[in-house]
Amino acid sequence: MPELPEVETIKRDLEKEVLGKRIKLVDVSLDRAVRRHPNVASFKSKLEGHKISFVKRRGKYLLIGLDNDDMLIVHLGMSGQLLIVKRTRDARDAHTHVVVRFTQGGELRFVDPRTFGEMFVSSLSQLEQIAPELNELGFDPLEGQMSWINFDQLLRQKRTKLKSLLTDQKFVAGIGNIYSDEILFAAGLRYDRISDTLTTQEVRRLYRAMVETLSEAIRHRGSSLADEQYKDLFGEVGDYQSQHQVYGRESQPCRRCHNKIVRLKVNGRPLFMCEHCQI
DNA sequence: ACGCCCGCCTGTAAGC
DNA sequence: TGCTTACAGGCGGGCG
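Here we summarise the structure given alongside this text. (Residues numbered from 1 in each chain as written. Chains lettered and ligands numbered in written order. Predicted model: local features only at pLDDT ≥ 70, side-chain atom pairs only at ≥ 80, totals over all residues. Heavy atoms only, no water.)

1. Re the side chain of Ser180
Within the secondary structure layout, Ser180 lies in helix H7 (residues 177-187). Engagement of the side chain of Ser180 in a polar contact is seen with the backbone oxygen of Asn177, the distance being 3.2 Å. Residues in contact with Ser180, not counting those within four places in the same chain, are Lys163, Leu166, Thr167 and Ile175. (Helix = DSSP H or I, 4+ residues; strand = E, 2+ residues; numbered from the N terminus. Polar contact = N/O pair within 3.5 Å; in protein donor to acceptor, adjacent residues only side chain to side chain. Contact = heavy atoms within 4.5 Å.)

This is the structure:
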């Protein structure tokens, strides 16, 4: 579920809410939520007593730094939520698997019905051992440095359909099924165009579409689809779904040309596009 | 080496 | 009405 804009929204709010707080105790009610650890106790003991020193995002991962070399790393999978709760006696939502309580009061709850999400603790130096995929992430579309010229070189090193490439975390980190469709529409490109055959102008359009779509989505605090799985730290839904051009708009008129948006199944996943605007 | 499919889970909603 | 089936934002592993 949560892609870069949703994770970034959570990251920014986490910075305001948990920076400097000390972890008093950790309660794990589903072992699977901390499955990278040999046992629950090893997860708890790495957190309890430590103070939170930074919050970062890498792709769809949240990194919550501690006052030693360790980080609490969170991946929300498809249905994970992080919630800040001020009153710790308030009833926990169903599927609350991990609770991190602070000495200053309040707690952070990890809720995840489908259990694809997870939490684990690692230092930077242990990451390669514990979670190698984090070290293999591609560039972050919103972290400066990259220009469309670099992007052009990266695209030409591959011969892959654009949809697969945009959702490949090793190529570019943070884009999933929703935003790849929105980006391709904004760029006016079909999902099955091959990455090393784009014209210079098309590469520029794709790069621009990627940066602008993701930035706009963050401005709207992410997308919450019909089932409202995505909620921010405070349990509020995002707003960007109202700006979607294609995702979830099957058979509705394209906002640009008024042709019907089509829904396809590509690599086993739903894909939405305008066959007139995307070439 | 790469692309594609499956499985991991559970809640929801459509279909019969 | 109620049971069954398909499907969903992600990702890693295995197969061809």
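That shown, we press on.
2. A word on the nonpolar core
Grouped together as the largest cluster of nonpolar side chains are 40 residues, with contacts concentrated most on Phe151, Leu155, Ile175, Tyr179, Ile183, Leu206 and Met210. Elements represented by at least two residues in this core include exactly helix H5 (148-156), helix H6 (162-166), H7, helix H8 (200-219) and strand E10 (269-273). Per-element tally for this core: the top contributor is H8, with eight residues. Residues contacting Ile183, with those up to four places away along its chain left out, are Leu166, Ile175, Leu206, Ala209, Met210, Thr213 and Leu214. Of all hydrophobic cores here, the second largest spans 31 residues; its members include Ile23, Val55, Ile64 and Leu233. (Core = buried A, V, L, I, M, F, W, Y, C linked by side-chain atoms within 4.5 Å. Buried < 20%, exposed > 50% of the residue type's maximum accessible area, 1.4 Å probe, protein only.)

3. Observations concerning unusual backbone geometry
Even without being a glycine, Ser251 presents a positive backbone phi close to 65°. Within the secondary structure, Ser251 is located in the loop between H8 and strand E9 (262-266). Here Ser251 falls in the partly exposed class, since its relative accessible area comes to 43%.

4. Describing the sheet that holds strand E1 (residues 23-28)
Spatial ordering of the open sheet is given by E1-E6-E7-E5, a layout of four strands whose pairing is antiparallel. Edge strands, defined here as strands with exactly one partner in the open sheet, are E1 and strand E5 (81-85). Each adjacent strand pair in this sheet contributes to an overall mean axis angle of 15°, direction not counted. With five bridges joining them, E5 and strand E7 (residues 107-111) adopt antiparallel strand pairing. Bridge pairing links Ile84 to Leu108 in E7. Packed on one face of the sheet, helix H2 (residues 40-47) meets E1 and strand E6 (96-102) and runs near 160° to E1. (Pairing = 2+ DSSP bridges. Axes fitted to C-alpha atoms, helices over the stretch in contact; angles between N-to-C directions.)

5. Observations concerning the sheet that holds strand E2 (residues 52-58)
The four strands are arranged E2-E3-E4-E8 in an open sheet whose pairing can be described as antiparallel. Every interior strand has two partners, whereas the edge strands, E2 and strand E8 (118-123), have only one. On average, adjacent strands in this sheet sit at an angle of 20° to one another, irrespective of strand direction. Relative to strand E4 (residues 70-75), strand E3 (residues 61-66) runs antiparallel, the two sharing five bridges. The partner of Leu63 across the bridge, within E4, is Ile73. Sheet strands in contact with helix H1 (residues 4-18) are E2 and E3, and its direction is about 170° off that of E2. Sheet contacts for H2: E3, E4 and E8; angle to E8, the most-contacted strand, approximately 60°.

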